[in-house]
Amino acid sequence: EAQVTQNPRYLITVTGKKLTVTCSQNMNHEYMSWYRQDPGLGLRQIYYSMNVEVTDKGDVPEGYKVSRKEKRNFPLILESPSPNQTSLYFCASSSRATGNTEAFFGQGTRLTVV
Amino acid sequence: AQRVTQPEKLLSVFKGAPVELKCNYSYSGSPELFWYVQYSRQRLQLLLRHISRESIKGFTADLNKGETSFHLKKPFAQEEDSAMYYCALTGHSNTGKLIFGQGTTLQVKP
């Protein structure tokens, strides 16, 4: 089954404790991205990657890091989480093929930083 | 600047009533427009895209380039349509970057 898998689904952590949220896709998609979803603000892009070893900042990259060492994986790293990073996070992937740009989303990771 | 605007945070209608979720965009070029839906406790999923010109679950959306709009419509709302709806666009450069609106919560009352 074609899908995007995020782990963990729920995470409560303390300020300053490094954490990683994993994202994996099995559709051989070139493009992957991370979004955060906050009430009234919709989905905002944090980072994206157009292919292996190619990453770039989205609209709200501060406090986050990413890496793309393999095509299927795109982890989101919070080196020193702060309470304002409490949010619902989504990973997404899509193909760059013309006419086939549908984005597939993970189940979401609800992060609480206390 | 590239932007998607959904002016309504919440739209509440009764079952059987018509629904129109508004979406306006700003983009210098020819974007590809989408509607994504998020049902309670589920992941976002594609509802429809303008290039397909299809009707999904009774929903349709027409791209109006003159008004830069892509409103989502359904003639008779059902309770199972209750969800969060996001309008999104991607540019012709095909980088895969999606720009989302703020989302509209549709509430269909019995």
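In what follows, the structure referred to is the one given above.
The shown structure was predicted, so the numbers you read here are calculated from the model rather than taken from an experiment.

Visitor: Please set out the layout of surface pockets residue by residue, giving values where relevant.
Guide: Sizing a probe to match a water molecule and rolling it over the atoms shows the empty space that remains. As a volume, the largest pocket reaches approximately 640 Å³. Lining the largest pocket are 29 residues, and of these Gln37, Leu88 and Arg110 of chain A together with Gln38 and Arg41 of chain B lie nearest its centre. Looking at the lining of the largest pocket, the elements with two or more residues in it are β4 (31-38) and β9 (87-94) of chain A together with β9 (83-90) and β11 (104-109) of chain B. Considered class by class, the residues forming the lining of the largest pocket number 10 nonpolar, 14 polar and 5 charged.

Visitor: Tell me about the sheet that holds strand β7 (residues 65-66) of chain A, residues and numbers included.
Guide: All names here are of chain A. Read from one edge of the open sheet, 4 strands run β1-β3-β8-β7, paired in antiparallel fashion. The sheet is open, and its two edges are formed by β1 (4-7) and β7, each paired on a single side. As defined by bridge partners, strand β3 (residues 19-25) adjoins strand β8 (residues 76-78) across 3 bridges and the pair is classed as antiparallel. The residue of β8 that forms the bridge with Leu19 is Leu78.

Visitor: Go over the sheet that holds strand β8 (residues 72-74) of chain B with me, naming the residues and quoting the values.
Guide: Residues and elements named next belong to chain B. Sheet architecture is open: 3 strands sit in the order β3-β8-β7, paired in antiparallel fashion. Both edges of this open sheet fall to β3 (19-21) and β7 (60-61), since each of them pairs with a single strand only. For β3 and β8, the ladder comprises 3 bridges, and the chain directions are antiparallel. Among the inter-strand pairings, Glu20 is bridged to a residue of β8, identified as Lys73.

Visitor: Give me the lowdown on the nonpolar core, citing residues and values where you can.
Guide: Residues and elements named next belong to chain B. Grouped together as the largest cluster of nonpolar side chains are 26 residues, with contacts concentrated most on Trp35, Leu72 and Tyr85. Elements with a contribution of two residues or more to this core: β2 (10-14), β3, β5 (32-38), β6 (45-49), β9 and β11. Top contributing element to this core by residue count: β9, with 4 residues.

What counts and what doesn't
Residues numbered from 1 in each chain as written. Chains lettered and ligands numbered in written order. Predicted model: local features only at pLDDT ≥ 70, side-chain atom pairs only at ≥ 80, totals over all residues. Heavy atoms only, no water. 1 Å grid on protein atoms, 1.4 Å probe; cavity = no way out; pocket = protein on both sides within 12 Å on 5 of 7 lines; lining within 4 Å. Points joined across faces, edges and corners; volume = space filled by probe spheres on them. Helix = DSSP H or I, 4+ residues; strand = E, 2+ residues; numbered from the N terminus. Nonpolar A, V, L, I, M, F, W, Y, C, P; charged D, E, K, R; others polar. Pairing = 2+ DSSP bridges. Core = buried A, V, L, I, M, F, W, Y, C linked by side-chain atoms within 4.5 Å. Buried < 20%, exposed > 50% of the residue type's maximum accessible area, 1.4 Å probe, protein only.

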